[in-house]
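Understanding the architecture of this molecule
So you can see what is in the structure, the chains are spelled out below.
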Amino acid sequence: MGAKSDMTVYWTLLVYRGWTLHVAATSAGLCYVGSPNKPFEEMSEWVSSRLPGATLVRDEERLQPYAAELSEYLQGRRTSVTVPFDLRGTSFQLDVWNALRDIPYGQTCSYSDIAERIRKPAAVRAVGAAIGANPVLVTVPCHRVIGKNGTLTGYRGGLEMKTELLRLERDGLSASDRSTAERGALHV
């Protein structure tokens, strides 16, 4: 998980409605999408802990494909992200984050559903911690995970953002897809 000291992390600031999001990528792919309206230091501290010695360089042009897909998603014009990722975490975290990427647009599941999906049914709390450590908000859709009883639970981006993302996806579903989603949470 260590980084070479000459690694560069490129970043930009995405502004969407009332949100500003720091977005960062390595040459391998998207590695960070920050919480709304958080300072540069949130991203800088994440880069320092996950990619020690890396240099942060603002580069709007290099980040354009990532920002464009994220913007299109937030505008309801895209239901999935196709840019490459450079996810940095433990093997357990990577398993959880990959399971999150399998939750279909407009659907939700519970923490225990994710634990079952990764074949660690007793690891519900650890799943919650891994979801909380997800470095790429929105694009690895941890906002689609809710409590087993259907309630909204914590979210690094804040419950207001989680609510807005779920509303966006619900409103973006076609009528036939909406009836499927309304029948209940997805069990992956």
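Parameters at a glance
- Residues numbered from 1 in each chain as written.
- Predicted model: local features only at pLDDT ≥ 70, side-chain atom pairs only at ≥ 80, totals over all residues.
- Heavy atoms only, no water.
- Helix = DSSP H or I, 4+ residues; strand = E, 2+ residues; numbered from the N terminus.
- Buried < 20%, exposed > 50% of the residue type's maximum accessible area, 1.4 Å probe, protein only.
- Contact = heavy atoms within 4.5 Å.
- Areas by Shrake-Rupley, 256 points an atom, 1.4 Å probe, with all protein chains shown as cover.
- 1 Å grid on protein atoms, 1.4 Å probe; cavity = no way out; pocket = protein on both sides within 12 Å on 5 of 7 lines; lining within 4 Å.
- Points joined across faces, edges and corners; volume = space filled by probe spheres on them.
- Nonpolar A, V, L, I, M, F, W, Y, C, P; charged D, E, K, R; others polar.
- Phe/Tyr/Trp six-rings, centres within 6.5 Å; stacked < 30°, edge-to-face > 60°.
- Lys NZ or Arg CZ within 6 Å of the ring centre and 35° of its normal.
- pLDDT = per-residue confidence, 0-100.
- Core = buried A, V, L, I, M, F, W, Y, C linked by side-chain atoms within 4.5 Å.
- Domains from an automatic or database assignment.

**What to know about the overall build of the protein**
- Counting secondary structure elements, the protein contains seven helices and six strands.
- Put simply, the protein runs from its N terminus to its C terminus through helices and strands in the order β-β-β-α-β-α-α-β-α-α-β-α-α.
- Looking at the 188 residues of the protein, the share that counts as buried comes to 48%.
- Across the protein, the fraction of contacts at a sequence separation of at least 24, relative to all contacts at a separation of at least 6, is 60%.
- Accessible surface computed for the protein: about 9200 Å², of which carbon and sulfur atoms make up 49%.

**A word on the environment of P84**
- Along the chain, P84 turns up in the loop between α2 (60–74) and α3 (91–101).
- The class for P84 is partly exposed, based on a relative accessible area of 45%.
- Excluding residues within four positions of it along the chain, P84 makes contact with A28, G29, L30 and Y66.

**Quick word on the environment of P36**
- Topologically, P36 is positioned in the loop between β3 (29–33) and α1 (40–50).
- Judged by relative accessible area, which is 14%, P36 ranks as buried.
- Separated by 15 residues in sequence, P36 and L21 place their C-alpha atoms 5.1 Å apart.
- Contacts of P36, omitting those with residues within four sequence positions, involve W19, T20, L21, G157 and M161.

**Re the layout of surface pockets**
- Reported here for the second largest pocket is a volume of approximately 170 Å³.
- Lining of the second largest pocket is provided by Y73, T79, S80, V81, F85, R101, I103, Y105, V138, T139, P141 and R144.
- Looking at the lining of the second largest pocket, its residues break down into seven nonpolar, three polar and two charged.

**Overview of the packing of aromatic side chains**
- All chains considered together, the criterion is met by four aromatic pairs.
- Taking the centre distance of 6.1 Å and the plane angle of 55 degrees together, the rings of Y16 and W19 count as tilted.
- Overall, Y16 belongs to the buried group, its relative accessible area being 11%.
- Since its relative accessible area comes to 12%, W19 is described here as buried.
- Between the aromatic rings of Y73 and Y105, the centroid separation amounts to 6.2 Å while the plane-to-plane angle is 85 degrees, which identifies the pairing as edge-to-face. Residue Y73 is located in helix α2, and its partner Y105 is located in the loop between α3 and β5 (109–110); the two are separated by 32 residues in the primary sequence. The same class applies to Y73 and to Y105, which are both buried.
- The residue whose ring lies beneath R62 is Y10, and the NZ or CZ to ring-centre distance is 3.9 Å.

**What to know about the side chain of T153**
- The topology assignment puts T153 in the loop between β6 (145–146) and α6 (159–172).
- Residues within four places of T153 in sequence aside, it is in contact with Y111, V145, I146, G147, L159 and K162.

**Brief notes about the confidence of the model for the protein**
- On average, residues of the protein score 89 in pLDDT, and 89% of them are at 70 or above.
- Confidence drops under a pLDDT of 50 for residues 178–188, and excluding neighbours within four residues, the segment shows 19 contacts in the predicted structure.

**A closer look at the nonpolar core**
- L74, V96, L100, I114 and V127 are the most contacted members of the largest nonpolar core, which has 45 residues in total.
- When residues of this core are traced back to their parent elements, those giving at least two are β1 (8–16), β2 (19–26), β3, α2, α3, α4 (111–117), α5 (124–132) and α6.
- Of the residues forming this core, the biggest block, six residues, is contributed by α2.
- Residues from two domains meet in this core; each of domain 1 (8–75) and domain 2 (91–184) gives at least three.
- Once you skip the residues sitting within four places of it in the chain, L74 turns out to touch L14, Y16, W19, L21, L165 and L168.

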